[in-house]
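# Coordinate inspection notes
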Amino acid sequence: MALARIARSGFGRSGGAIGGYSLQNNYIPKASSLGNSSRGIRTTPHFQFQNAERIAEESESEYEETRYAGLEATKPGEKPRVVVIGTGWGACRFLKGLDTKIYDVVCISPRNHMVFTPLLASTCVGTLEFRSVAEPVSRIQTSLATEPNSYFYLASCTGIDTDKHEVYCETLSNGALPHEPHYFKVAYDKLVIAAGAEPVTFGIKGVKENAFFLREVNHAQEIRKKLLLNLMLSENPGISKEEKNRLLHCVVIGGGPTGVEFSGELSDFIMKDVREQYAHVKDDIKVTLIEANEILSSFDIGLRQYAINHLNKSGVRLMQGVVKEVHRKKMVLNDGTDVPYGLLVWSTGVGPSQFVKSLNLPKSPGGRIGIDEWLRVPSVEDVFAVGDCAGFLEQTGRPVLPALAQVAERQGKYLVDLFNKKIGKQNGGKALSAESISLGDPFVYKHLGSMASVGRFKALVDLRQSKDAKGISHAGFVSWLIWRSAYLTRVVSWRNRFYVAVNWATTLVFGRDNSRIG
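A brief report on the enclosed structure follows. All values derive from a computational prediction rather than experimental measurement.

Basis of the calculations
Residues numbered from 1 in each chain as written. Predicted model: local features only at pLDDT ≥ 70, side-chain atom pairs only at ≥ 80, totals over all residues. Heavy atoms only, no water. Helix = DSSP H or I, 4+ residues; strand = E, 2+ residues; numbered from the N terminus. Buried < 20%, exposed > 50% of the residue type's maximum accessible area, 1.4 Å probe, protein only. Contact = heavy atoms within 4.5 Å. Phe/Tyr/Trp six-rings, centres within 6.5 Å; stacked < 30°, edge-to-face > 60°. Lys NZ or Arg CZ within 6 Å of the ring centre and 35° of its normal. Patch = residues over 30% accessible without salt bridge, like charges linked within 9 Å, V, L, I, M, F, W, Y side chains within 5 Å. Areas by Shrake-Rupley, 256 points an atom, 1.4 Å probe, with all protein chains shown as cover. Salt bridge = Lys/Arg side-chain N within 4 Å of Asp/Glu carboxyl O. Axes fitted to C-alpha atoms, helices over the stretch in contact; angles between N-to-C directions. Left-handed = near helix turned anticlockwise from the far one by under 90°. Nonpolar A, V, L, I, M, F, W, Y, C, P; charged D, E, K, R; others polar. Pairing = 2+ DSSP bridges. Right-handed = clockwise from strand over helix to strand, strands pointing away. Parallel < 35°, antiparallel > 145°, perpendicular 65-115°, else oblique. Core = buried A, V, L, I, M, F, W, Y, C linked by side-chain atoms within 4.5 Å.

The number of helices and strands found in the protein chain is 17 helices and 27 strands. Counting across all 518 residues of the protein chain, residues that qualify as buried make up 52%. Sequence separation of 24 or more characterises 65% of the internal contacts of the protein chain that already satisfy a separation of 6 or more.

What follows deals with the packing of aromatic side chains. This structure, assessed with the given rule, holds 11 aromatic pairs. A centroid spacing of 5.5 Å and a plane angle of 70 degrees characterise the contact between Tyr414 and Phe443, whose relative ring orientation is edge-to-face. A residue pair is termed long-range when its members are at least 10 positions apart, and Tyr414 in helix α15 (residues 405-423) and Phe443 in the loop between α15 and β25 (450-455) qualify at 29 residues. Classification of Tyr414 by relative accessible area gives buried; the value is 16%. Classification of Phe443 as buried rests on a relative accessible area of 3%. An aromatic cluster of at least three residues, connected via ring pairs, comprises Trp89, Phe116, Trp483 and Tyr487. The side chain of Arg398 reaches across the aromatic face of Phe392, ending 5.2 Å from its centre. Just above the ring of Trp504 sits the side chain of Arg484; from NZ or CZ to the centre is 4.1 Å.

Side chains of Phe457, Phe477, Val478, Leu481, Ile482, Leu508, Val509 and Phe510 sit close together on the surface and give an oily, nonpolar patch of about 830 Å² of accessible area. When contributions to the nonpolar patch are tallied by element, the ones reaching two or more residues are α16 (477-490) and α17 (494-510). Residue contributions to the nonpolar patch peak at four residues, all from α16. Tracing the backbone through its elements, the reader meets Val509 in helix α17.

Turning to the pattern of salt bridges, a few remarks are in order. Considering all chains together, one arrives at 18 salt bridges under this definition. Between Arg246 and Glu243 there is a salt bridge; the shortest N-O distance is 2.6 Å. With Arg246 and Glu243 both in helix α11 (residues 241-247), this residue pair falls three residues apart, about one helical turn. Of the residues examined, Arg246 reaches a relative accessible area of 13% and is grouped as buried. A salt bridge links Lys330 to Asp338, with the shortest nitrogen-to-oxygen separation between them at 3.2 Å. Note on Lys330: relative accessible area 33%, which makes it partly exposed.

Interhelical geometry of helix α10 (residues 217-233) versus helix α12 (residues 257-277) gives an angle of 35 degrees and a closest axis separation of 14 Å. Handedness of the crossing formed by α10 with α12: right-handed. Contact residues: α10 offers Ile223, Leu227, Leu228 and Leu231, while α12 offers Phe262, Leu266, Phe269 and Val274. The class makeup of the residues in the contact of α10 with α12 is eight nonpolar, no polar and no charged.

The next point concerns the pairing of strand β18 (residues 330-333). Pairing analysis gives three bridges linking strand β17 (residues 323-326) to β18, with the strands arranged antiparallel. Residue pairing in the sheet places Glu325 in a bridge with Val332 of β18. As consecutive antiparallel partners, β17 and β18 are separated by three residues. Here β18 runs beside strand β19 (residues 338-340); their pairing, made up of three bridges, is antiparallel. Within the sheet, the bridge partner assigned to Met331 lies in β19 and is Val339. Following β18, the chain reverses through four residues before pairing antiparallel with β19; Gly336 in that reversal takes a positive phi of roughly 95 degrees.

Spatial ordering of the open sheet is given by β16-β15-β14-β20, a layout of four strands whose pairing is parallel. Bordering the open sheet on either side are β16 (316-320) and β20 (343-346), each of which pairs with just one other strand. The mean angle between the axes of side-by-side strands here comes to 20 degrees, regardless of whether they run parallel or antiparallel. The pairing of strand β14 (residues 249-253) with strand β15 (residues 286-291) spans five bridges and is classified as parallel. Considered in β15, the bridge of Val251 is made with Thr288. Together, β14 and β20 form the strand contacts of α10, whose direction differs from that of β20 by roughly 155 degrees.

Those residues of helix α5 (residues 89-97) that fall on the buried side of the exposure criterion are Trp89, Gly90, Ala91, Cys92, Phe94 and Leu95. For α5, the secondary structure elements touched by its buried residues are β4 (81-85), β5 (104-109), β6 (113-115), α7 (137-140), β12 (190-193) and α15.

Most of β14 sits inside the fold, with five of its five residues counted as buried. Both faces of β14 are covered, namely the face carrying His249, Val251 and Ile253 and the face carrying Cys250 and Val252. Between the parallel elements β14 and β15, the chain passes through α12 in a crossover that is right-handed. The pairing of β14 with β20 spans four bridges and is classified as parallel.

Where α5 contacts α15, the axes come no closer than 7 Å and their chain directions differ by 30 degrees. On the basis of the axis angle, α5 is roughly parallel to α15. For the pair α5 and α15, the sense of crossing is right-handed. Contact residues: Trp89, Gly90, Arg93, Phe94 and Gly97 in α5; Ala405, Ala408, Glu409, Gly412, Lys413, Leu415, Val416, Phe419 and Asn420 in α15. Within the contact of α5 with α15, the residues separate by chemical class into seven nonpolar, four polar and three charged.

So, about the nonpolar core. One finds Ile160, Val167, Ile193 and Phe419 to be the most contacted residues of the largest nonpolar core, which totals 59 residues. Take this core: its biggest share by element is seven residues, from α15. Setting aside anything within four residues of it in sequence, one finds Val167 in contact with Val83, Ile85, Ile108, Cys157, Gly159, Ile160, Phe184, Lys185, Val186, Tyr188 and Leu191. If you look at the next biggest cluster of nonpolar residues, it comprises 57 residues, including Leu214, Leu231, Val252 and Val491.

Among the secondary structure elements, Gly203 is positioned in the loop between β13 (198-199) and α9 (207-210). Residue Gly203 is classed as exposed on the basis of its relative accessible area, which comes to 70%. Expressed as a C-alpha distance, the spacing of Gly203 and Glu325, which sit 122 residues apart in the sequence, is 9.4 Å.

Structure representation (structure tokens):
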């Protein structure tokens, strides 16, 4: 059994020759076993090293249990296969519109839903339920659940071989599968990389270990549990005043829209629900927002000042500073100031993920996957990229677009039109068959404006197309109505729109739920 386990040991990422994907423990498939002519389910792996071959021969019967599986290349007469990596804004907008009469589609992601990120902060304090901001990907593109050659795979993509038109995947199921991690490959005709980005920590010591991020539903769930736990622990007998103040100090790092909206939601929660349901500690709970420069830097200066004044009135303390290091119960700023905290939420923007960094593909300024004006990845065939993981190459003369939901969504919409109306209609869907196809007009992004809620039925609406342009900007209650109406209409499905509307009404009438579950 030990020999069999060694022979079956899995793949790992490196800068190896197979598209950034290599194999450990001397187990490397030969090129012939992964080539275009044989991209199917392999029953007998080939070995490049004698040691691995000897071990396999000694335990051949045991090895057969876990052969390296995958989807083979499409055959003549079959629909071309589009593989989509990710379930974010760009990926889901593309999946929603893709014509499945022309294409089979395979989606690969470690989560099976799209997160409506603009409303994620509201779930942390119980304004909305978690299911209200999560839309299953099989509802967005029903063929993933119903069509025989379309699939959703709950897995992480660990490498891409652009020469062989294959992606390599890893599934972790917390013990549900007999062999973990479980590895497989998927052959593609066209590949859309929409893998998103990761929170930026700037290499600051202790951030990943002690801070909470706010990018996923499970992040919001953990923040909510921690917030309610600290509220209840602070009422226990024998807790010192100093420890109570620490437990009830909520610190938000980053003055962008996410940090400001979360601070506003916290202040609403404190001023209404904590005062009613945690009367013993209502005067002790505090919120501090720390920003290195200025909050909401992309907004109009008048709106920024309105936000500062409103947050101050709402009890949010604004600090300017740079975090030096983070400990379990306190953080240290660059000027030596100690800031004790009970809850720390880190929202300083996003950057390229480790997966994106590992890919042997052209990179744009900032380290994203480099793309041209048609969202193609140059120097490789049949690969496109959208969203936070992609950026225009310098030679295009275009700036790298901000990591915003509306950018990713617009790119997804453009790309689905490209696939349906250009590539698909001209029979360019198969691998290596779209070189001579005219793709029409390139992608052009026009900013539709920015919005941010600051709490207490107030919001900011900035409809300028750029930071230096002129345009309409407004703040106050009317802006809050516009903010809510706009996001309600942008929620993906009617089911979730109903959930959101009902949650808002329930919170207004009955207050937020403070049950701590889990």
